[in-house]
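# Examination of the molecular architecture
Residue strings, one per chain:
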Amino acid sequence: MPTEALWYHTTDDHTVRCKLCPHACIIKEGEKGICRVRKNDSGKLLTDVYGFVSAMNLDPIEKKPLYHYYPGSSVLSIGSYGCNLHCSFCQNSSISQSEADNSRQKQYFTPEQLIALAMNQPGNLGIAFTYNEPIVYYEYMIDTARMAKKAGLKTIMVTNGFINPEPLDELLGFTDAFSVDLKAFSEEFYRKVTSSRLKPVLEALRQIRKSGKHLEIVNLLIPGLNDDEPAFTEMVKWIAAELGKETVFHISRYFPQYKLTTVATSPESIRKMESIARRHLTWVYTGNMRNETNDTYCIVCNNLLITRFLYNIHTPGLNSDGKCSVCGNYFHKKT
Ligand code: SF4
């Protein structure tokens, strides 16, 4: 149901300026922002998607993907509608590029109902805000995340990172782990292919890293669009220098989706970029590669810590406190 949004101001003529993401939409009465789910109703900014859940599943945490945060666990994952980016290759366009009031499948859950559901799932770690871009359902996400923290649940945000620093700062108080999509290392790509900008995403990544919250980065490699070797090399060097060499980095194989008909990324191209990334980063994984394992070995003693094949995850070399069972090195800290 329409609910007043956060992060906006109204001018004298009832025009609204949204301050949630760097688009900074100026929205006239009766109109919507670029994300198509925040609208100006008589000088008030309303969110159309508060409580509307388009999809809900108990997913392996590796599906987010988060490989170094409670490996092998499950998390109740929810999505809503809308996105502040309009990527031609969107993998979830049916919900991200649609408006809540146009959907026939919408279900309404209050934050309290969602928390109760999450608490009732056996073995559930917490709640992941994912599937479409959670920035555009910010109010619902932060209300739910606040309650989740009180209930002892972990909270995860899977995001494009195109958010302003102030709303992100508030969110950081209630979010434990982030999976951020870094789509390319080129302003031109961001402008032409996603209708947004790279610089604010880099700033958001710095802010998340500085907060000490868990962070993993995903790059979907698309032939001819972002597989330029020098630009890719610059990207992984930037991650190492600005966010740390041990930032977990996923290279994901692209398949044609939505408006983009370019052929799928070849496995050879993924391998080539993986070897470039490994020169600069300690933890590099590949995704969407069929019939492949993605195991993790201890960086101190080379003990096999985690085996991953599709979503069959085993942790033969990890203690219950997240340390290597042989040398005791921390693999992940249980925060
Ligand atoms: S959240 Fe939506 S309305 Fe607000 S600035 Fe971003 S795209 Fe515009």
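Before any of the text, the structure's been laid out above.
Residues numbered from 1 in each chain as written. Predicted model: local features only at pLDDT ≥ 70, side-chain atom pairs only at ≥ 80, totals over all residues. Heavy atoms only, no water.

Bringing helix α5 (residues 187-194) into the picture now. Looking only at α5, the buried set comprises Phe189, Tyr190, Val193 and Thr194. When α5 is viewed along its axis, its buried side chains cluster within an angular range of 100° and face the same direction. Among the exposed residues of α5, those oriented more than 90 degrees off its buried face are Arg191 and Lys192. In this structure, the buried side of α5 is in contact with β13 (177-181) and α6 (199-211). Its side-chain oxygen placed 3.2 Å from the backbone nitrogen of glutamate 188, serine 186 serves as the N-cap of α5. (Buried < 20%, exposed > 50% of the residue type's maximum accessible area, 1.4 Å probe, protein only. Helix = DSSP H or I, 4+ residues; strand = E, 2+ residues; numbered from the N terminus. Arc of directions from axis to C-beta. Contact = heavy atoms within 4.5 Å. Polar contact = N/O pair within 3.5 Å; in protein donor to acceptor, adjacent residues only side chain to side chain.)

Next up on the list: the pattern of salt bridges. Enumeration over the complete set of coordinates arrives at 14 salt bridges. Across the pair lysine 149 and aspartate 176 runs a salt bridge whose closest N-O atoms are separated by 2.6 Å. Note that lysine 149 is positioned in helix α3 (residues 138-150) and aspartate 176 in the loop between α4 (165-172) and β13, a separation of 27 residues in sequence. Aspartate 176 sits in the buried class, given a relative accessible area of 12%. The shortest N-O distance in the salt bridge between glutamate 203 and arginine 206 comes to 2.6 Å. With glutamate 203 and arginine 206 both in helix α6 and three residues apart, this pair spans about one turn of that helix. Looking at glutamate 203, the relative accessible area reads 37%, which means it is partly exposed. Judged by its relative accessible area of 29%, arginine 206 falls in the partly exposed class. (Salt bridge = Lys/Arg side-chain N within 4 Å of Asp/Glu carboxyl O.)

Our next topic: the nonpolar core. Generally speaking, a soluble globular protein has its nonpolar side chains buried in company with each other. With 80 residues, the main nonpolar core has Phe89, Leu182, Leu205, Phe232, Ile239, Phe249 and Ile251 as its most contacted residues. Beyond its immediate sequence surroundings of up to four residues, phenylalanine 89 is in contact with Lys183, Phe189, Val193, Leu220, Ile222, Tyr254, Gln257, Tyr258 and Leu260. Grouped together as the second largest cluster of nonpolar side chains are 11 residues, Tyr67, Leu305, Ile306 and Phe331 included. (Core = buried A, V, L, I, M, F, W, Y, C linked by side-chain atoms within 4.5 Å.)

What follows concerns the packing of helix α2 (residues 111-119) against α3. Between α2 and α3, the least distance of the axes is 9 Å, while the angle of their chain directions is 50°. In terms of their interaxial angle, α2 and α3 are classed as oblique. In this structure, α2 meets α3 at a crossing whose hand is right-handed. Of α3, the residues touching α2 (which contributes Pro111, Glu112, Leu114 and Ile115) are Tyr140, Asp143, Thr144, Met147 and Ala148. When its residues are assigned to classes, the contact of α2 with α3 shows six nonpolar, one polar and two charged. (Axes fitted to C-alpha atoms, helices over the stretch in contact; angles between N-to-C directions. Parallel < 35°, antiparallel > 145°, perpendicular 65-115°, else oblique. Left-handed = near helix turned anticlockwise from the far one by under 90°. Nonpolar A, V, L, I, M, F, W, Y, C, P; charged D, E, K, R; others polar.)

A few words now on the pairing of strand β11 (residues 124-129). Burial of β11 is extensive: six of the six residues sit out of reach of the surface. The pairing of strand β9 (residues 74-79) with β11 spans four bridges and is parallel. Residue serine 77 lies in a different strand from β11, and its bridge partner there is alanine 128. Bridge count for β11 against strand β12 (residues 154-159) is four bridges, and the pairing is parallel. Bridge pairing in β12 places glycine 126 opposite lysine 154. In this fold, β11 hands off to α3, which returns the chain to β12; that crossover is right-handed. (Pairing = 2+ DSSP bridges. Right-handed = clockwise from strand over helix to strand, strands pointing away.)

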